[in-house]
Structure formats: structure tokens, C-alpha cells
Amino acid sequence: MPGVDIKKDDNVRVISGKDRGKEGRVVRVMPLEGRVMVDGVALAKKHSRTGAQRTRTGQQLQQGGIIDVEMSVDISNVQPVCKSCGQPTRVGHRIEADGSKVRICRKCEAEL
Ligand SMILES: [Zn+2]
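Numbering of residues starts from 1 in every chain and runs along the sequence as written. Per-residue local features are limited, in this predicted model, to residues with pLDDT of at least 70; the limit for side-chain atom pairs, both in listing and counting, is 80 or more; totals at the level of whole chains, interfaces and linings are taken over all residues. With hydrogens and water excluded, all non-hydrogen atoms of the structure serve as input to the side-chain values.

**Quick notes on the pattern of salt bridges**
Working definition: two side chains of opposite charge can pair if their charged atoms are close together.
So, step 1. Put simply, a salt bridge is a Lys or Arg side-chain nitrogen that is within 4 Å of an Asp or Glu carboxyl oxygen. In total, this model carries seven salt bridges according to the counting rule given.
So, step 2. A salt bridge links R103 to D10; the shortest N-O distance between them is 3.0 Å. Residue R103 is located in strand β9 (residues 101–105), and its partner D10 is located in the segment before β1 (11–14); the two are separated by 93 residues in the primary sequence.
So, step 3. Given a relative accessible area of 12%, D10 falls into the buried group. Only DSSP runs of H or I covering at least 4 residues are called helices, and only runs of E covering at least 2 are called strands; the numbering of each starts at the N terminus. Partly exposed describes any residue whose relative accessible area lies between the buried limit of under 20% and the exposed limit of over 50%, with all areas from a 1.4 Å probe on protein chains only and scaled to the type maximum.

In C-alpha cells form, the structure reads like this:
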């Protein structure tokens, strides 16, 4: 299934598309759609139409204002950033001695 290697709260970098190079924290994973929402990435400006609205963060908006709406990005366009080597990486897996499966950096083999 696509998307199992990206988890909520991962720090990811966008590796292709118009937001290429941006980094952010994964706020939502949508495995069925194969998409993720990343904090501060893929923002779209939208006019708020009727009355005051609130953003996800609870911020009060003025009538007729322009708000930033986070759009999802394709999960294949992001890679988790390794805390050890600081590079975006493909995700590898390793089976620990106790049988648990951990995600590892393909570059330095540190646990993600
Ligand atoms: Zn690494």
C-alpha cells in the first residue's frame, strides 16, 4: 500500500513538483488517496466568502479575507528527512532482534 512509510509528524522534504525543496512536518496521511498534508507546503490562497471564519489553528479571520489553505501533495513527491544525516531519503526497513520492524535511512542506515 502506498504511503505506509510516511507517518504523521515525520519531517519531510518535497522532492518534485512546484513545492520542490520545501520541508515541513506531516500533519495528515491519507493512505487511500496516496497523499499527505505537510505543514506549510502546497498552500493555496482562497477567499473566505461569508462572514468571519476560523482557520484550523483557530485564528479569527476578517470577512472577505484571503486565507491560506493547505492542499495535499502526492506521497511519492515527498521523502522523510533523516535526523542523522539531514538528507531526504528513501525508507528502508530493518528487523530488530525482538522481531519488530523499524524504518531506516537508506543513506546512513540510522533509524528514522
Ligand atoms: Zn541518514
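Having seen the structure, we can now continue with the description.
**Some words on the coordination of the zinc ion**
So, step 1. In this listing, donors mean N, O and S atoms no farther than 2.8 Å from the metal, or 3.2 Å for Na, K and Ca; water is missing from the atoms, so a site can look incomplete. The coordination sphere of the zinc ion contains the protein donors C82 (SG), C85 (SG), C105 (SG) and C108 (SG), at a distance range of 2.2 to 2.4 Å.
So, step 2. Bound by four donor atoms, the zinc ion shows angles of 105 to 118 degrees at the metal and therefore tetrahedral coordination geometry.
So, step 3. One chain supplies every donor for the zinc ion, spaced along it as C-x2-C-x19-C-x2-C. In this pair, C82 is assigned in the loop between β7 (78–80) and β8 (91–95) and C105 in strand β9, connecting sequence segments 23 residues apart. Every angle between 85 and 135 degrees makes a four-donor site tetrahedral, while opposite donors more than 155 degrees apart, with all other angles between 65 and 115, make a four-donor site square planar and a six-donor site octahedral; other sites are irregular.

**Details of the sheet that holds strand β6 (residues 73–74)**
So, step 1. At least two bridges found by DSSP between two strands are what make those strands a pair. What the five strands build is an open sheet, ordered β6-β3-β2-β1-β7; its pairing is antiparallel. Strands with a single pairing partner mark the edges of an open sheet, and in this sheet they are β6 and β7.
So, step 2. Pairing analysis gives four bridges linking strand β2 (residues 23–30) to strand β3 (residues 35–38), with the strands arranged antiparallel. Paired with V26 across the two strands is V38, which belongs to β3.

**Brief notes about the environment of V27**
So, step 1. With respect to the helices and strands, V27 occurs in strand β2.
So, step 2. Remark: the alpha-carbon pair of V27 and D39, spanning twelve residues in sequence, is separated by 6.1 Å.

**What to know about the pairing of β1**
Side-chain direction in a regular strand flips from residue to residue, so the side chains alternate between the two faces of the sheet.
So, step 1. With burial as the criterion, only one face of β1 is covered, namely that bearing V12 and V14; the residues N11 and R13 on the opposite face remain uncovered.
So, step 2. In this sheet, β2 lies alongside β1 in antiparallel orientation, the contact comprising three bridges. Directly across from V12, in β2, lies its bridge partner G24.
So, step 3. As judged from the three bridges shared by β1 and β7, these two strands associate in the antiparallel manner. When the sheet's bridge partners are listed, V14 is paired in β7 with V78.

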